[in-house]
Amino acid sequence: MKSGFAVLIGRSNVGKSTLLNALVGSKVAITSPKPQTTRLPIQGIVTRDEGQIVFVDTPGLLKKKKDPLTRRLHQSIAQSLKDIDVVGHVVDPTREIGEEEREVLRLIKQADAKRVLIINKMDERDKPYLDFYRDLAGEYDAVVELSALRGTHVETFIVSLFELLPEGEPLYPAFQLTNLPNKIWMAELIREKLFLRLRQEVPYSTHVEVTEMDKRENGLLYIAATIFTTDERYKRMIIGKNGQGIKEIGQSTRRELEGVMENRVFLDLTVEVDPHWVERLHE
Ligand SMILES: Nc1nc2c(ncn2[C@@H]2O[C@H](COP(=O)(O)OP(=O)(O)OP(=O)(O)O)[C@@H](O)[C@H]2O)c(=O)[nH]1
Ligand SMILES: [Mg+2]
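What you see is a predicted model, and the numbers here were worked out from it, not measured in a lab.

**Overview of the overall build of the protein chain**
For the protein chain, the count of helices and strands is 8 helices and 9 strands. The globule rule puts the C-alpha radius of gyration for 283 residues at 19 Å, and the 19 Å found for the protein chain is close to it. Along the first, second and third principal axes, the C-alpha set of the protein chain runs to 55 × 40 × 35 Å. Burial statistics for the protein chain: of 283 residues in total, 35% are counted as buried. The contacts in the protein chain between residues at least 6 apart in sequence include a share of 69% that link residues at least 24 apart.

Dropping the structure here:
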C-alpha cells in the first residue's frame with residue numbers, strides 16, 4: 001500500500017480548491033472567483049486499492065497585501081509544507097508568471113518532498129502563458145495538465161501521485177473524505193455565499209462561526225451561526241435593505257445543506273461586529 005500527504009500550493013485563484021473537490025469527488029472546500037477564498041489548510045482524502053492520498057488545500061499566496069489576514073494565511077502556507085511527501089504546485093496558464101509564482105517556487109524548493117507541476121484550467125481557450133509554465137518542467141518530478149473545473153485528467157494526476165508516494169498504511173478510514181469537523185465545514189459554506197455575494201473588501205471583513213447544531217424532535221436540523229465583520233458599515237451591507245441580503249445568504253446556504261444532509265434545515269444567522277476576529281483564527 002502507498003500512503004502520504006500531497007499539498008496543493010500556488011497563487012490565489014489558480015483553482016486549488018476546485019482541484020481538491022475534483023480529486024475527492026465531493027465539495028469539501030469552498031471556491032469563488034475572488035482571491036484569498038481559502039483560509040484553512042483543508043484536507044481531502046482519496047482512498048483506492050493502491051492506498052491513500054491525503055491532499056491538503058492551502059490559502060493562495062498573494063503578495064500585494066500586507067494586512068493581518070494575509071500574514072496569517074502566509075504562515076499557514078509555510079506550516080503546510082512541513083512533513084509532507086509531495087508538493088503540487090498549481091498554476092494558471094491564462095496568467096503571467098509573477099512575483100507570487102517566484103515566491104511559490106522558492107518555498108517548494110525548501111520543502112523536502114517530491115514536486116509536481118499542475119497546469120490547471122486547460123479547458124480555457126486562451127492560454128498565452130502555457131509555454132512559460134511548460135518550460136519550468138525541469139524543476140519538477142512530474143508535470144500534469146488538467147482541468148479541475150471539468151474534471152479532465154484529474155485521474156491521471158492521482159495515478160502519477162501513487163507512483164511518487166512512499167509505502168505506508170492509510171491514515172484515515174476509507175469512507176472519510178475530509179478532516180474538517182461538520183461545524184467548520186458549514187461555516188465555510190456560509191462564508192462562500194458571502195464571498196459570492198459581497199463586493200470589494202466586504203467579504204474579507206467577515207468570519208463565520210457555527211455556534212449550535214442540534215437535531216430537533218420534529219426531525220429538523222437546527223443550525224445557529226454568527227457572521228463576524230469588522231465594521232458597523234459592513235454589518236449593514238451584509239444584512240441589506242430590509243434584511244434582504246442576510247435572507248438570501250441564509251436561503252442559499254440552507255438549500256445547499258438540505259441537499260447534502262438530506263434533512264430539513266433551520267438556519268439561524270446573526271451578524272456581529274468584532275474588529276479583532278482575525279486574532280481568533282486558528283492556523
Ligand atoms: N476555466 C476554469 N476555471 C477554473 C478551473 N479551476 C478553477 N477555476 C475557477 O477559478 C476560480 C478560483 O477557483 P478556486 O478553486 O477558488 O481557486 P483557489 O486557488 O483555491 O483560490 P484561493 O483559495 O483564493 O487561493 C473559480 O472561479 C473557479 O471556478 C478550471 O480548471 N478551468
Ligand atoms: Mg482555495
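**Some thoughts on the sheet that holds strand β1 (residues 2-9)**
With mixed pairing, the 6 strands of this open sheet are ordered in space as β2-β3-β1-β4-β5-β6. The two strands at the open ends of the sheet, each matched to only one other strand, are β2 (42-48) and β6 (142-145). Strand after strand, the sheet turns through a mean of 20° between neighbouring axes, direction not considered. Note that β2 and strand β3 (residues 51-57) share 7 bridges and pair antiparallel. From the neighbouring strand, Gln43 faces β3, where its bridge partner is Val56. Set on the sheet, helix α1 (residues 16-24) makes contact with β1, β2, β3 and β4 (86-91); between it and β2 the angle comes to about 30°. Sitting on the sheet, helix α5 (residues 154-164) touches β1, β2, β3, β4, β5 (114-119) and β6, and the angle it makes with β6 is about 170°.

**Here's the deal with α1**
An α-helical turn contains 3.6 residues, so a residue and the one three or four places further along point in the same direction. With 9 of 9 residues buried, α1 lies mostly within the body of the structure. Packing partners of the buried residues in α1 comprise β1, β2, β3, β4 and α5. Trailing α1 by a residue or two, Gly25 shows a phi angle of about 80°, which is positive.

**Some points on the environment of Leu220**
Tracing the backbone through its elements, the reader meets Leu220 in the loop between β7 (206-215) and β8 (221-229). Judged by local crowding, Leu220 falls into the partly exposed class, with 13 C-beta atoms found within 10 Å. With sequence-adjacent residues up to four places away left out, Leu220 is seen in contact with Arg264 and Phe266.

**With respect to the sheet that holds β8**
On the basis of which strands lie adjacent, the open sheet formed by 3 strands has the order β7-β8-β9 and mixed pairing. At either end of the open sheet lies a strand with only one pairing partner, and these are β7 and β9 (265-273). Averaged over all neighbouring strand pairs, the angle between strand axes comes to 20°, with direction disregarded. Summarising the sheet, β7 and β8 pair through 9 bridges and their orientation is antiparallel. Pairing of Lys215 across the sheet is with Leu221, part of β8. Each of β7 and β8 touches helix α6 (residues 182-197); the most contacted strand, β7, lies at about 130° to it. Its contacts with the sheet put helix α8 (residues 244-261) on β8 and β9, and the angle it makes with β9 is roughly 140°.

**So, the packing of α6 against α8**
Following both chains from N to C, one finds α6 and α8 inclined at 135°, their axes separated by 10 Å at the closest point. The pairing of α6 with α8 is recorded here as oblique in orientation. The element α6 and its partner α8 pack so that their crossing is right-handed. Side by side, α6 and α8 meet where Met186, Leu189, Ile190, Lys193, Leu194 and Arg197 of the first sit next to Ile249, Ser252, Thr253, Glu256 and Leu257 of the second. For the contact of α6 with α8, the class distribution of residues is 6 nonpolar, 2 polar and 3 charged.

**Quick notes on the nonpolar core**
The tendency in soluble globular proteins is for nonpolar side chains to be buried as a group. Counting 55 residues, the largest nonpolar core has Leu8, Leu20, Phe55, Ile118 and Ile190 as the members making the most contacts within it. Residue-level mapping places this core at the junction of two domains, with at least three residues from each of domain 1 (2-164) and domain 2 (182-280). In contact with Leu20, other than residues within four places in its own chain, are Leu8, Val28, Ala29, Ile42, Gly44, Phe55 and Asp57.

**Concerning the environment of Pro33**
Its place among the elements puts Pro33 in the loop between α1 and β2. For the pair formed by Pro33 and Ser252, sequence separation is 219 residues and the distance between their alpha carbons is 18 Å.

What counts, and where the lines are drawn
- Residues numbered from 1 in each chain as written.
- Chains lettered and ligands numbered in written order.
- Predicted model: local features only at pLDDT ≥ 70, side-chain atom pairs only at ≥ 80, totals over all residues.
- Helix = DSSP H or I, 4+ residues; strand = E, 2+ residues; numbered from the N terminus.
- Rg over C-alpha atoms; globule rule 2.2 N^0.38 Å.
- Buried ≥ 20, exposed ≤ 12 C-beta atoms within 10 Å, placed from the backbone.
- Contact = placed C-beta atoms within 7 Å.
- Pairing = 2+ DSSP bridges.
- Axes fitted to C-alpha atoms, helices over the stretch in contact; angles between N-to-C directions.
- Parallel < 35°, antiparallel > 145°, perpendicular 65-115°, else oblique.
- Left-handed = near helix turned anticlockwise from the far one by under 90°.
- Nonpolar A, V, L, I, M, F, W, Y, C, P; charged D, E, K, R; others polar.
- Core = buried A, V, L, I, M, F, W, Y, C linked by C-beta atoms within 7 Å.
- Domains from an automatic or database assignment.

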